[in-house]
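Given next are the chains, with one letter for each unit.
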Amino acid sequence: MADGLRTSVASHRKRSVADEPVTSVLPGGDVPYDPNHEFNADEEVLAALGYKSEFKREFSLFTTFCVSFAVLGLLPSFASTLYYGMGYAGTAGMTWGWIVAMVGIQSVAMSMAELCSSMPTSGGLYYAAAVLAPPGWGPLAAWVTGWSNWLGQVTAAPSVNYGTAAMILAAASIQNPDYVPTDYQTFLLTVFIMLIHGVMSSLPTRWLAQINSGGSTFNFIALIIVIILIPAGTDRTDRGLSKFTPSSEVWGTIYEGTVFPPGISVLMSFIGVIWTMSGYDSPFHLAEECSNANIASPRAIVLTSATGGLFGWFLQLVVAYTVVDIDGVLDSDLGQPFAAYLVQCMPQKITLAILALTIIAGFAMGQGCMIAASRVTFAYARDDCFPLSSWWKVVNKHTQTPVNAVWFNCVIGILCLFLIFGGSIAIGALFSIGAIAAFVAFTTPICIRVFFVGNRFRPGPWNLGKLSIPIGAIATGFVALMVPILCLPSVTGADLTPDVMNWTCLVYGAPMLGALIWWVVSARKWFKGPKVNVEHMMLGRGGNVVEGE
């Protein structure tokens with residue numbers, strides 16, 4: 001018998017998989033068991049999903065929410081994506097457009113939380129897709145979901161850190177107008193931030209929880225300060241303008257930032273809110289490090305999405321009511337639209353103060369992104385999804401964290417940063433990838449749950465009840481609409497040149513096509529979905545013991 005968890009005929013008191021509120025890859029009659037260790041409640045649920053506990057459970061509801069909110073990073077996320085949110089549809093897309101988008105996004109979050117309560121494992125959406133898919137389709141569903149989710153996760157830290165580096169250099173340019181940031185300087189500074197985050201993400205879980213609690217607290221405080229400071233400190237009146245733009249203009253004017261009809265332009269502007277709100281799945285991936293995971297983790301998902309949606313809208317409003325010239329924001333030599341916006345309507349000292357708060361919050365956000373991505377990489381490597389998975393799934397014996405996965409992601413992220421030299425549109429593809437890849441992964445298991453599962457789904461203690469199917473259908477429809485919209489370029493015809501092309505379809509589509517080709521050529525022969533590492537026994541059959549990996 002291997003060293004993993006075992007089952008025993010003598011232990012009729014042990015709960016079978018069917019006794020747990022989970023939807024598992026294991027048959028309902030299996031009984032996970034370890035003769036040398038008595039499961040606690042969290043270990044029992046995880047064992048029923050086919051896994052043994054490998055992390056210390058030192059995250060609570062609050063600290064899990066802190067990591068998730070840090071990954072969400074409303075203030076730095078807004079600052080990094082303002083070019084798209086404001087540039088495609090102007091203030092109309094920022095005000096009522098945000099509300100429309102949040103209906104779909106909150107539906108995705110609630111449906112995901114329900115899956116998390118039923119399957120609280122680091123594999124998250126990937127595990128859910130494998131278990132819920134129709135017979136014979138589980139491995140392919142897991143493969144597509146896993147690769148899409150990983151692409152979203154691995155591009156999150158470099159895109160956030162790029163935004164942070166651009167704001168640092170823009171602040172330097174504001175302080176010294178003769179200085180103009182270069183792509184080379186932005187690249188080196190972003191790489192430096194990535195390396196710092198790699199070191200920090202390799203620390204023990206207890207330290208990470210404390211660091212992210214502080215980072216998330218600062219993120220929230222900085223957000224409140226900025227929401228108050230912008231309307232209070234604006235100097236629009238000193239520039240011969242009204243203190244705020246009239247509501248009729250803010251809500252009713254759709255900026256012509258694309259060649260498409262106004263309605264399509266508003267939908268294209270959703271890239272800002274979708275990318276900003278794409279971090280609330282972090283509690284799912286941290287579920288194996290969270291106590292009372294099947295309740296705390298889904299609550300953290302919904303709390304992050306709802307809190308982020310509300311306060312993100314407040315931030316959108318104060319900017320929409322105070323922006324002076326949208327063209328000036330988009331075309332500024334500062335190279336960072338949020339900094340250019342602040343220069344238009346704020347005194348220099350307040351501008352630099354707001355940028356400083358945003359930069360610190362962005363640093364904390366990038367750290368949270370790297371932690372979440374490493375847990376996803378670990379979970380997929382545990383099931384041999386990557387080349388050299390045996391290296392990436394190693395848990396460091398000193399820190400009890402997946403250090404190898406951290407540095408694997410860090411190297412991939414640095415390679416992605418070479419897009420900086422392709423111009424603002426090319427590096428912007430990282431943000432579109434993050435939005436599309438994340439929400440395709442979010443919605444694949446939700447779609448399967450709504451249209452294919454029926455009564456095979458066993459809800460956990462946190463569930464939507466009768467609203468599960470309608471909310472899941474709204475979530476699926478929203479993402480199905482947005483995926484092609486986010487691939488559209490802002491111009492067409494003769495005006496569409498390589499430097500203004502939306503490269504999202506290529507930068508996201510090429511890796512996904514490669515993953516599908518790998519599946520057809522090789523992976524379908526050996527990849528069978530999530531690999532259990534629990535030894536288990538069919539109830540009532542003493543000799544039929546299945547050993548874990």
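Let us look at the structure shown here. In this text, all values refer to a predicted model and were calculated from it rather than measured experimentally.

### Describing the overall build of the protein chain
Okay, so step 1: When helices and strands are tallied, the protein chain shows 21 helices and 2 strands.
Okay, so step 2: A total of 549 residues make up the protein chain; the buried ones form 60% of that total.
Okay, so step 3: Within the protein chain, contacts between residues at least 6 apart in sequence are counted, and of these 81% link residues at least 24 apart.
Okay, so step 4: For the protein chain, the accessible area works out to roughly 20400 Å², and carbon and sulfur atoms hold 65% of it.

### Details of the pattern of salt bridges
Okay, so step 1: Per the stated rule, a full pass over the model turns up 1 salt bridge.
Okay, so step 2: Between Asp-235 and Arg-239 there is a salt bridge whose closest N-O contact spans 3.0 Å.
Okay, so step 3: Classification of Asp-235 by relative accessible area gives buried; the value is 11%.
Okay, so step 4: Under the relative-accessibility criterion, Arg-239 is labelled partly exposed at 39%.

### A short note on the packing of aromatic side chains
Okay, so step 1: The full count for this structure, using the stated rule, is 27 aromatic pairs.
Okay, so step 2: Where Tyr-84 meets Tyr-88, the ring centres are 6.2 Å apart and the plane angle is 50 degrees; that geometry is what we call tilted. One end of the pair is Tyr-84 and the other is Tyr-88, both in helix H3 (residues 74–118) and 4 residues apart, which spans about a single turn. Like Tyr-84, the residue Tyr-88 is buried in the burial classification.
Okay, so step 3: Judged by centre distance (6.3 Å) and plane angle (40 degrees), the rings of Phe-418 and Phe-421 are tilted.
Okay, so step 4: With a relative accessible area of 40%, Phe-421 lands in the partly exposed category.

### Regarding the nonpolar core
Okay, so step 1: Of all hydrophobic cores here, the largest spans 153 residues; its most connected members are Ile-105, Ile-274, Tyr-280 and Tyr-341.
Okay, so step 2: Broken down by element, this core gets its largest block of residues, 20 residues, from H3.
Okay, so step 3: Filtering out sequence-adjacent residues up to four positions away, Tyr-341 remains in contact with Leu-82, Ile-230, Val-318, Val-319, Thr-322, Val-323 and Val-329.

### Observations concerning a nonpolar patch on the surface
Okay, so step 1: Together, Tyr-184, Leu-188, Val-411, Leu-415, Phe-418 and Phe-421 make up a nonpolar patch on the protein surface, roughly 610 Å² of accessible area in all.
Okay, so step 2: Listed by contribution, the elements that provide at least two residues to the nonpolar patch are helix H7 (183–201) and helix H18 (403–416).
Okay, so step 3: Following the sequence through the fold, Phe-418 ends up in the loop between H18 and helix H19 (424–453).
Okay, so step 4: For Phe-418, a relative accessible area of 45% puts it in the partly exposed group.

### Considering the packing of helix H6 (residues 156–175) against H7
Okay, so step 1: Their axes nearest at 8 Å, the elements H6 and H7 cross at an angle of 125 degrees. With respect to H7, the element H6 is oriented oblique. Regarding H6 and H7, the two cross each other, and that crossing is right-handed. In this structure, H6 contributes Ala-157, Pro-158, Asn-161, Tyr-162, Thr-164, Ala-165, Ile-168 and Leu-169 to the contact, and H7 contributes Gln-185, Thr-186, Leu-189, Thr-190, Ile-193, Met-194 and His-197.
Okay, so step 2: Considered class by class, the residues forming the contact of H6 with H7 number 9 nonpolar, 6 polar and no charged.

### Let's talk about the side chain of Thr-504
Okay, so step 1: Structurally, Thr-504 is set in helix H21 (residues 504–526).
Okay, so step 2: Owing to a relative accessible area of 1%, Thr-504 belongs among the buried residues under this scheme.
Okay, so step 3: Setting aside anything within four residues of it in sequence, one finds Thr-504 in contact with Ala-429, Ser-432, Ile-433, Ile-436, Leu-486, Cys-487 and Gly-509.

### Considerations on the side chain of Asn-219
Okay, so step 1: Its place among the elements puts Asn-219 in helix H8 (residues 205–233).
Okay, so step 2: Each residue touching Asn-219, except ones within four places of it in the same chain, is listed here: Ala-70, Gly-73, Leu-74, Pro-76, Ala-361, Ala-364 and Met-365.

### Quick look at H3
Okay, so step 1: Between its first and last C-alpha atoms H3 spans 28 Å; for 45 residues at 1.5 Å apiece the expected length is 66 Å, and the helix comes up short by more than 12%.
Okay, so step 2: Its maximal kink placed at Ala-89, H3 deviates by approximately 120 degrees.
Okay, so step 3: In terms of burial, H3 is a largely internal element, 39 of the 45 residues being buried.

### Some details on the environment of Thr-145
Okay, so step 1: Its location among the elements puts Thr-145 in helix H5 (residues 138–154).
Okay, so step 2: Looking at Thr-145, the relative accessible area reads 1%, which means it is buried.
Okay, so step 3: Beyond its immediate stretch of four places on either side in the chain, Thr-145 contacts Leu-125, Tyr-126, Ala-129, Tyr-380, Ala-441, Thr-444 and Pro-445.

### A word on the state of the cysteines
Okay, so step 1: Taken as a whole, this structure holds 0 disulfides when the rule is applied.
Okay, so step 2: For the unlinked cysteine Cys-505, the closest cysteine sulfur is that of Cys-487, found at 5.5 Å.

### Looking at the packing of H3 against helix H20 (residues 468–485)
Okay, so step 1: Closest axis-to-axis distance for the H3/H20 pair is 8 Å, and the angle between their directions is 125 degrees. It follows that H3 is oblique to H20 by the angle criterion. Regarding H3 and H20, the two cross each other, and that crossing is left-handed. When H3 is examined against H20, the residues Ala-101, Gly-104, Ile-105, Ser-107, Val-108, Met-110, Ser-111 and Glu-114 are found in contact with a partner set consisting of Ser-468, Ile-471, Gly-472, Ile-474, Ala-475, Phe-478 and Val-479.
Okay, so step 2: The residue makeup of the contact of H3 with H20, split by class, is 9 nonpolar, 5 polar and 1 charged.

Conventions adopted
Residues numbered from 1 in each chain as written. Predicted model: local features only at pLDDT ≥ 70, side-chain atom pairs only at ≥ 80, totals over all residues. Heavy atoms only, no water. Helix = DSSP H or I, 4+ residues; strand = E, 2+ residues; numbered from the N terminus. Buried < 20%, exposed > 50% of the residue type's maximum accessible area, 1.4 Å probe, protein only. Contact = heavy atoms within 4.5 Å. Areas by Shrake-Rupley, 256 points an atom, 1.4 Å probe, with all protein chains shown as cover. Salt bridge = Lys/Arg side-chain N within 4 Å of Asp/Glu carboxyl O. Phe/Tyr/Trp six-rings, centres within 6.5 Å; stacked < 30°, edge-to-face > 60°. Core = buried A, V, L, I, M, F, W, Y, C linked by side-chain atoms within 4.5 Å. Patch = residues over 30% accessible without salt bridge, like charges linked within 9 Å, V, L, I, M, F, W, Y side chains within 5 Å. Axes fitted to C-alpha atoms, helices over the stretch in contact; angles between N-to-C directions. Parallel < 35°, antiparallel > 145°, perpendicular 65-115°, else oblique. Left-handed = near helix turned anticlockwise from the far one by under 90°. Nonpolar A, V, L, I, M, F, W, Y, C, P; charged D, E, K, R; others polar. Expected span 1.5 Å × (residues − 1). Bend = angle between axes of the 7 residues up to and from the residue. Disulfide = S-S within 2.5 Å.

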